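# Structure at a glance
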Amino acid sequence: LARINRIIREVDAALLSATDRTEIEQAVCDRLSDSGRYRYTTALRPTGDGGFESRASRGLSAADNVSPSPAGDGRCPARTALDTGETQVVQDIATPERFEMAPWREGLAESDIGSLAVIPLTYDDREYGVIAVCAGETGAFSERELDVLGELGENVGYAIAAVESREREATLTALYEATQDLLAVGDPQEVCEVVVETAESVLDPLAVGIFLFDDEANVLELAEGTEQMWEFFGDSTAFGPGLQDSI
């Protein structure tokens, strides 16, 4: 029990320094697997179609990256964990008391996984996913250990909610500042520059560009954009019937 508590303290310390959800998920997987107590740990997020996808993992090679939650599988401990709000445990992958017909069991068994615990990550009615913790031996999870892991899930859910709240606040602040800048600009080109800069920092897109229509020339031309947008269009940044070679 002392070892488990030490592991949880290390995870909690990592949560304090994490800056986004992905970093939180990876930190949890790293600390749990690197402890030597568990053979494989993965963070699973709902995909919206009834399934889950792994967004962080630790402990197995990419070739052995198996997930106890295939899409659309109704015998999924990850879905059950979120539906019930309780940690789901399979003490013997070879002969489980539940999920005995689930197809994911074979992949886990082939990866020398003996037992499995799936911890729900929730906060204030929000479902963020689960942490699946796999041990090499059967019967690895005591009742006290499952209680501690359940408390860890609550802490992780709270941490994810906290970073998402900070991200929303940062977005709103950036939009407010951009609005103030827009009120102070004096021409369309400056407006374009402010909008592109704000969109790039807030949305983090692959590329952003603004095209303005020139009534006199009868063309649509790229007025402002990110570096990727300028590189994509190259020398062909204007389009329309006003250009003979326009497409």
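Summary of the structure given here. Keep in mind the model is a prediction, meaning the values are calculated, not measured.

## What about the overall build of the protein?
Helix and strand counts for the protein stand at seven helices and eight strands. By residue count, 40% of the 247 residues in the protein fall in the buried class. Of the accessible surface of the protein, which amounts to about 13600 Å², a share of 48% is contributed by carbon and sulfur atoms.

## Describing unusual backbone geometry
Even without being a glycine, Asp124 presents a positive backbone phi close to 55°. Structurally, Asp124 is set in the loop between strand E4 (115-123) and strand E5 (126-135). On the accessibility criterion, Asp124 (63% relative accessible area) is exposed. Non-glycine residue Asn218 carries a positive phi angle of around 60°. If you trace the backbone, Asn218 turns up in the loop between strand E6 (209-214) and strand E7 (219-225).

## Some words on the side chain of Arg37
Summarising the element assignment, Arg37 is placed in the loop between helix H2 (21-34) and strand E1 (40-46). Here Arg37 falls in the buried class, since its relative accessible area comes to 15%. When residues no more than four places from it in sequence are discounted, the contact partners of Arg37 are Arg3, Ile4, Ile7, Glu137, Ala140 and Glu145.

## A few points about the packing of aromatic side chains
Tallied over the entire structure, the rule returns six aromatic pairs. Note on Phe211 and Phe233: the rings are 5.4 Å apart at their centroids and 75° apart in plane angle, and the pair reads as edge-to-face. Pair noted here: Phe211 is in strand E6 and Phe233 is in helix H7 (residues 227-233), with a separation of 22 residues, a long-range link. Given a relative accessible area of 28%, Phe211 falls into the partly exposed group. Through pairs of rings, three or more aromatic residues link up here, namely Phe211, Phe232, Phe233 and Phe239.

## Let's talk about H2
For H2, built from 14 residues, the straight-helix expectation of 20 Å at 1.5 Å per residue is met to within 8% by its first-to-last C-alpha distance of 20 Å. Here H2 has its buried residues at Arg21, Ile24, Glu25, Ala27, Val28, Cys29, Asp30, Leu32 and Ser33. Looking at where H2 begins, the residue whose side-chain oxygen comes 3.2 Å from the main-chain nitrogen of Thr22 is Asp20.

## Regarding the side chain of Gln88
Within the secondary structure layout, Gln88 lies in strand E3 (residues 88-90). At 3.1 Å, the side chain of Gln88 and the backbone oxygen of Glu86 are in polar contact. With near-sequence residues (within four places) excluded, Gln88 lies in contact with Pro77, Thr80, Ala81, Arg98, Phe99, Leu116, Ala117 and Val118.

## Thoughts on the sheet that holds strand E8 (residues 238-239)
Strands sit in the order E6-E7-E8 across an open sheet of three strands; the sheet is antiparallel. In this open sheet, the two edge strands, each paired with only one partner strand, are E6 and E8. The sheet contact formed by E6 and E7 spans six bridges and is antiparallel. Within the sheet, the bridge partner assigned to Phe211 lies in E7 and is Leu222.

## Concerning the packing of helix H5 (residues 143-184) against helix H6 (residues 188-203)
Where H5 meets H6, the axes come as close as 10 Å, and the angle between the chain directions of the two elements is 175°. By the angle class used here, H5 and H6 are roughly antiparallel. Contact residues: Thr171, Ala174, Leu175, Ala178, Asp181 and Leu182 in H5; Val191, Val194, Val195, Thr198 and Val202 in H6. The residue inventory of the contact of H5 with H6, partitioned by class, reads eight nonpolar, two polar and one charged.

## Points about the sheet that holds E5
Here five strands make up an open sheet; going across it, the order is E2-E1-E5-E4-E3 and the pairing antiparallel. Bordering the open sheet on either side are strand E2 (52-58) and E3, each of which pairs with just one other strand. When the angles between neighbouring strand axes are averaged without regard to direction, this sheet yields 20°. Here three bridges tie E3 to E4, and the two strands are oriented antiparallel to one another. If you follow Val90 over to E4, its bridge partner there is Leu116.

## Some details on the environment of Thr173
With respect to the secondary-structure elements, Thr173 resides in helix H5. In the structure, Thr173 is positioned 29 residues away from Val202 in sequence and 9.8 Å away in space, judged by C-alpha atoms. Polar side-chain contacts of Thr173 include one of 2.9 Å to the backbone oxygen of Glu169.

Cut-offs and rules
- Counting starts from 1 at the beginning of each chain's written sequence and moves along it residue by residue.
- Note on the predicted model: pLDDT of at least 70 is required for a residue's local features to be given, and 80 or more for side-chain atom pairs to be given and counted; whole-chain, interface and lining totals, by contrast, use all residues.
- To obtain the side-chain values, all non-hydrogen atoms of the structure were included, while hydrogens and water were left out.
- Secondary structure elements are taken from DSSP: a helix is a run of H or I of four residues or more, a strand is a run of E of two residues or more, and numbering for both begins at the N terminus.
- Here the term buried applies to any residue with accessible area under 20% of the maximum for its type, exposed to any over 50%, and partly exposed to those in between, with areas from a 1.4 Å probe on protein chains only.
- Only the protein chains shown count as cover for residues, and all accessible areas are computed by the Shrake-Rupley method using a 1.4 Å probe.
- Here, two residues are considered to be in contact whenever any of their heavy atoms come within 4.5 Å of each other.
- Aromatic rings from Phe, Tyr and Trp, taking only the six-membered ring of Trp, are treated as a pair when their centres fall within 6.5 Å; an angle between ring planes under 30 degrees marks them as stacked, one over 60 as edge-to-face, and anything in between as tilted.
- In this scheme, a helix's expected span is set at 1.5 Å multiplied by one less than its residue total.
- Polar contact is the term for a pair of N or O atoms within 3.5 Å; when the atoms are in protein, one must be able to donate a hydrogen and the other to accept it, and sequence-neighboring residues count only if both atoms are side-chain atoms.
- Pairs of strands are assigned from DSSP output, requiring at least two bridges between the strands.
- Here, axes are lines fitted to C-alpha atoms. For helices the fit covers the stretch in contact, and angles between N-to-C directions go from 0 to 180 degrees.
- In this scheme, roughly parallel covers angles under 35 degrees and roughly antiparallel covers those over 145, while 65 to 115 is roughly perpendicular and the rest are oblique.
- Basically, the charged four are Asp, Glu, Lys and Arg, the nonpolar ten are Ala, Val, Leu, Ile, Met, Phe, Trp, Tyr, Cys and Pro, and anything else, Gly included, counts as polar.

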